[in-house]
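Summary of structural features
Chain by chain, the residues run as shown.
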Amino acid sequence: MRKSNVQAFISNRTKGDTFCFLLVVLYAGFASVGHPLFFTGFPVPQVAVKLLFLLLFCCWLSYVAIAFLYFTDLCKIWLFEKSKVQPVTRSYSTGKLYLIFASILIACWSLWLIGFYPGTMSPDSFEQWKQAYGILKLNDAFPVIYAFIIRGLTTIWYSPAIIAIVQILFMAGIFSSFLVFLYKAGIPYKWLLVFAIITGIMPTNGIMVITIWKDIFFCVVVVWLTLVIAELLTQTYIFNRKITLICLSVSLLAVAILRHNGVMAALCCAAVLIVFAVKNKRKEILLPVACFLLAFFTYRKFILHTWLKVPPVPTGFQLTAPMHGMGSIIYYNQPLPASTMEEMQKLLPVEVWKSHYTPYSADEYMFQTDTPFIDNLSKVPTPKVVSMYANTLIHHPFLIVKDRLSGTELLWNAFQGQGSFNYSYHELIEENEFGFKHRENGLHKVLMGMLNFAGRALDPLVRRAGLYNILLMFLLLYVARQRKNYWIVFLPLLAVNVSLLFSMTYQAFRYVYYVPLLFGFVWLFTVSKFVTPVTDKTIKP
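Residues numbered from 1 in each chain as written. Predicted model: local features only at pLDDT ≥ 70, side-chain atom pairs only at ≥ 80, totals over all residues. Heavy atoms only, no water.

**A closer look at the overall build of the chain**
In plain terms, the rule: Runs of H or I in DSSP of at least four residues are treated as helices and runs of E of at least two as strands, each being numbered from the N terminus. Here the globule rule reads 2.2 Å times residues to the power 0.38, and the radius of gyration is calculated from C-alpha atoms. Using a 1.4 Å probe on the protein chains alone, a residue whose accessible area is under 20% of its type maximum counts as buried, one over 50% counts as exposed, and one in between counts as partly exposed. For this analysis, residues touch if any pair of their heavy atoms sits within 4.5 Å. Note on areas: these come from Shrake-Rupley sampling with a 1.4 Å probe, and a residue is covered only by the protein chains present in the view.
Along its length, the chain carries 27 helices and 0 strands. For 541 residues, the compact-globule estimate of 2.2 N^0.38 gives 24 Å, and the chain sits close to it at 24 Å. Counting only C-alpha atoms and orienting by the principal axes, one finds that the chain spans roughly 75 × 65 × 55 Å. Within the chain, buried positions represent 54% of all 541 residues. Looking at the chain alone, contacts between residues at least 24 apart form 78% of all its contacts between residues at least 6 apart. For the chain, the exposed area adds up to about 24,300 Å²; of that, 67% sits on carbon and sulfur atoms.

Below, the structure is given as structure tokens:
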């Protein structure tokens, strides 16, 4: 009896494929229902029953995952078959494609700038604005590169609008580049046109791109780095190889200097690319990676600290996450070693550790205890904090893991957890001494209505990263199954995700905004001609 296409799709696997698939299904199941099952109280009641429910839910979820992957595979085969039956009779030049895609995106996002003119600014925005103009001393707690960008652009036009305009142009340029690459990868022009329109009209993209935050540049740069890596792996270049290699150096450097967790992500990407280049005799990749490393360490050691004399970030900021985890042990009245408790009490009294503990934010410890918490924590040697944290993890693994996952809840959890929050976007300009303010207009009201509707009706899709991370992990399995080296396309996503797992202590959508931005581009790459369909091994990429 002949197998159905679905049966053929499922049966065409190895033991390694099955193991990895089950791991991702378990992750997806926990990201969907794990928080309400295990994180709403301590101790956890009815553990066995909840574990059984989680396993049964994962069984059901596996069918959904297979359906998603099978749908992706069918789209890919349909594209291939169509290209054989109906060869492309009309091709578009790179310049024309750029003009079309960029025009759509710029037109859509310009409406948001008009409605919210001259942009939106939070207290963090004004902190960097003041650094840019010397009102506050340069402080790398907020990476100073964004203050330099503000100062440089506002010499042209003293208004937040110039920053918003550049962010619109930069985001439109990178997205258009990715769409042009996907066109070269065999994705139909009409598909890309629809994707560009959807990307342009998404309310979240509109409000984020006009907000004066360094995170917007950072998230777009993560998309850029993903595009550059895809070009290098497929050896399909938008312009030519030389330009792509230059873009590799610049995008790696931008990831490293625009946000502190980007340092770990960029260095991880650089290390993997070096190994890939040596193993596959792609020596042309080594020079731009070396240029990035040289530029980064020159910037950090000489330009930032020696020439500009910017003080290094107090280590207390990096150590807050592990201290918050040990604070959870005190909050739940669990024992800590005497030496650890002594160090904890030097920072804050036991009552304050308990009264100010919230699973989803460390801000209460850092800024709301009426003590110089960060300064005091910075005096504690980092190895000592790491040793205390490791010892606490050994003795209280569940609570420490629970605390770290709660601190990164917006990154992995598909649906907002009980008691959590989401600082998703900033739709106003805070009161300020610079005279920047919004003027109410009809367009502003319409756009706010769209924003609020999307937030209420589509919250997991437009203001969270959890569902997208689940789908991206399944796409990673699919792509790596066909071309093992192509997992590197997912490297920027994985590296930034891991860096946030270690450092994130506040639920702000701007920290994880790169995840939903990447999903559509990565799915289209997956169905492109570069990845062989699972159900038809005769098709060559």
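Once the structure has been displayed, the description carries forward.
**Digging into the packing of aromatic side chains**
Put simply, the rule is: Only centres within 6.5 Å qualify two rings of Phe, Tyr or Trp (six-membered ring in Trp) as a pair; their planes then separate them into stacked at under 30 degrees, edge-to-face at over 60, and tilted for everything else. Distance and angle both matter: a charge sits over a ring if NZ of Lys or CZ of Arg is within 6 Å of the ring centre and within 35 degrees of the ring normal.
Under the defined criterion, the tally for this structure stands at 48 aromatic pairs. Measuring from centroid to centroid gives 5.8 Å for Phe21 and Phe474, while their planes differ by 50 degrees, and the two rings are tilted. With Phe21 in helix α2 (residues 15-38) and Phe474 in helix α24 (residues 466-482), the pair connects residues that are 453 residues apart, well separated along the chain. Residue Phe21 is classed as buried on the basis of its relative accessible area, which comes to 16%. Taken together, Phe30, Phe38, Phe39, Phe42, Tyr331, Tyr332, Tyr357, Phe398 and Trp412 form an aromatic cluster joined through their ring pairs. Its guanidinium or amino end placed over the ring of Trp213, Arg510 lies 4.4 Å from that ring's centre, counting from NZ or CZ.

**Here's the deal with helix α8 (residues 189-201)**
Spelled out, the test is: By this rule the span expected of a helix is its residue count minus one, scaled by 1.5 Å. The arc in question is formed by the directions pointing from the helix axis toward the C-beta atoms.
In this model α8 runs 19 Å from its N-terminal to its C-terminal C-alpha over 13 residues, within 8% of the 18 Å that 1.5 Å per residue would give. Buried within α8 we find Tyr189, Leu192, Phe195, Ala196, Thr199 and Gly200. Angular distribution of buried residues about the axis of α8 spans 135 degrees; they occupy a single face of the element. Summarising the contacts, the buried residues of α8 are in contact with α4 (94-115), α7 (160-184), α9 (203-209) and α27 (514-526).

**Considering the nonpolar core**
Soluble globular proteins tend to bury their nonpolar side chains together. What counts is decided by this rule: Residues belong to a common nonpolar core when they are buried Ala, Val, Leu, Ile, Met, Phe, Trp, Tyr or Cys residues joined through side-chain atoms within 4.5 Å.
Residues Leu182, Phe474 and Tyr514 are the most contacted members of the largest nonpolar core, which totals 157 residues. Among the elements that make up this core, the one with the highest residue count is helix α10 (residues 214-234) (16 residues). Those residues in contact with Phe474 that lie beyond four places of it in its chain are Phe21, Val24, Val25, Ala28, Ala65, Phe68 and Leu69. In this structure, Tyr332, Met344, Tyr357 and Met388 belong to the second largest nonpolar core, which totals 25 residues.

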